[in-house]
Amino acid sequence: MKKVLHWLDNDLEEFLMLLLLAAISCVTMLQIIMRYCFSSALSWPEEFCRFCFVYTGALSAGYCMRRGLSLRVDLIVNFMPGPLKILIDYAGKLLTLFVYVVIFYNSFGLIATTTALSTAMQLPYKVVYAAFPLGMGLGIIRCVQDLISYTRKTFGKKEEEKAC
């Protein structure tokens, strides 16, 4: 059980995005084969790939937070003194968390009010829009983990230095 939880913590988003990108590749190849070998294009592959791409994009929020791949412009921050740099890092992490929470909260309203079906697959758009609370929920979890890790790393050093 411990190995499963460790795997989920480290690789969940990456695994899901890999599956979705593999599905996009396979379905696109199927569409190419159907169109050029059998002269009979399918109606649903483009829509399916678009929906998979939406899920991949939403899941990337948690993945990027987990791997520390968030966009930053730190040219000026690197020239600031240590305490100010730490304050700006915290502010950036808290701002990211705030944005994820806002998107997470508002996505439920979007899902609740949507009644439309997709054109080709007749899939309710609620299923597509569910990517946002899923992705932002994972992003929130990863942001909290990042804040805890950063706090331990930043303030744990000072306590170790005082002990010596």
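Residues numbered from 1 in each chain as written. Predicted model: local features only at pLDDT ≥ 70, side-chain atom pairs only at ≥ 80, totals over all residues. Heavy atoms only, no water.

**Q** Whenever I open this one, the environment of Arg-50 confuses me. Can you help?
**A** When you line up the elements, Arg-50 lands in helix 2 (residues 45-67). A residue is classified by how much of its surface remains accessible, and Arg-50, at 47% relative accessible area, is partly exposed. Sequence-wise, Arg-50 and Tyr-150 are 100 residues apart; in three dimensions their C-alpha atoms are separated by 36 Å. (Helix = DSSP H or I, 4+ residues; strand = E, 2+ residues; numbered from the N terminus. Buried < 20%, exposed > 50% of the residue type's maximum accessible area, 1.4 Å probe, protein only.)

**Q** How should a nonpolar patch on the surface be read in this particular structure?
**A** On the surface, Met-1, Val-4, Leu-5, Trp-7, Leu-8, Phe-15 and Leu-19 cluster together into a nonpolar patch covering about 690 Å² of accessible area. Looking at the element boundaries, Phe-15 is found in helix 1 (residues 2-37). (Patch = residues over 30% accessible without salt bridge, like charges linked within 9 Å, V, L, I, M, F, W, Y side chains within 5 Å. Areas by Shrake-Rupley, 256 points an atom, 1.4 Å probe, with all protein chains shown as cover. Salt bridge = Lys/Arg side-chain N within 4 Å of Asp/Glu carboxyl O.)

**Q** Please clarify how the packing of aromatic side chains should be interpreted in this entry.
**A** Aromatic ring pairs are described here by two measures, namely the spacing of the ring centres and the angle between the planes. Within this structure, the stated rule accounts for 6 aromatic pairs. With centroids separated by 6.0 Å and ring planes inclined at 85°, the aromatic side chains of Trp-44 and Phe-48 adopt a geometry described as edge-to-face. Three or more aromatic residues joined by ring pairs form one cluster here, namely Phe-51, Tyr-125 and Tyr-129. (Phe/Tyr/Trp six-rings, centres within 6.5 Å; stacked < 30°, edge-to-face > 60°.)

**Q** Looking at this model, I keep getting lost on the confidence of the model for the protein. Mind explaining?
**A** The predicted coordinates should not be examined in detail at positions where pLDDT is low. Confidence in the prediction for the protein averages 89 pLDDT; 95% of positions are at 70 or higher. Across the protein, element-level confidence peaks in helix 4 (residues 125-129) with a mean pLDDT of 95 and bottoms out in helix 5 (residues 131-163) with 84. (pLDDT = per-residue confidence, 0-100.)

**Q** I tried to follow helix 2 on my own but got confused; where do I start?
**A** Counting along an α-helix, one turn takes 3.6 residues, and residues three or four places apart therefore face a common direction. Helix length check: helix 2, at 23 residues, gives a terminal C-alpha distance of 31 Å against a target of 33 Å (1.5 Å per residue), a fit within 8%. The sharpest bend along helix 2 reaches about 30° and sits at Ser-60. Positive phi shows up at Gly-68, right after helix 2, with a value of about 70°. (Expected span 1.5 Å × (residues − 1). Bend = angle between axes of the 7 residues up to and from the residue.)

**Q** Help me understand the packing of helix 1 against helix 2 in this model?
**A** A pair of packed helices can be characterised by two numbers: the angle between their axes and the separation between those axes. The N-to-C vectors of helix 1 and helix 2 enclose an angle of 160°; their axes lie 9 Å apart at closest approach. For the element pair helix 1 / helix 2, the angle class is roughly antiparallel. Crossing of helix 1 over helix 2 shows left-handed handedness. Considered class by class, the residues forming the contact of helix 1 with helix 2 number 15 nonpolar, 6 polar and 8 charged. (Axes fitted to C-alpha atoms, helices over the stretch in contact; angles between N-to-C directions. Parallel < 35°, antiparallel > 145°, perpendicular 65-115°, else oblique. Left-handed = near helix turned anticlockwise from the far one by under 90°. Nonpolar A, V, L, I, M, F, W, Y, C, P; charged D, E, K, R; others polar.)

**Q** Is there a simple way to think about the nonpolar core in this case?
**A** Side chains of nonpolar character tend, in soluble globular proteins, to be buried together. Membership of the largest hydrophobic core is limited to 12 residues, which are Met-17, Leu-20, Ile-24, Val-27, Cys-49, Cys-52, Tyr-55, Ala-58, Leu-59, Tyr-63, Ala-131 and Leu-138. Elements with a contribution of two residues or more to this core: helix 1, helix 2 and helix 5. Broken down by element, the residue count for this core peaks at 6 residues, all from helix 2. With residues near it in sequence (within four places) discarded, Ile-24 still touches Cys-49, Cys-52 and Phe-53. Core analysis: the second largest hydrophobic core is formed by 11 residues, Met-65, Tyr-90, Met-136 and Ile-140 among them. (Core = buried A, V, L, I, M, F, W, Y, C linked by side-chain atoms within 4.5 Å. Contact = heavy atoms within 4.5 Å.)

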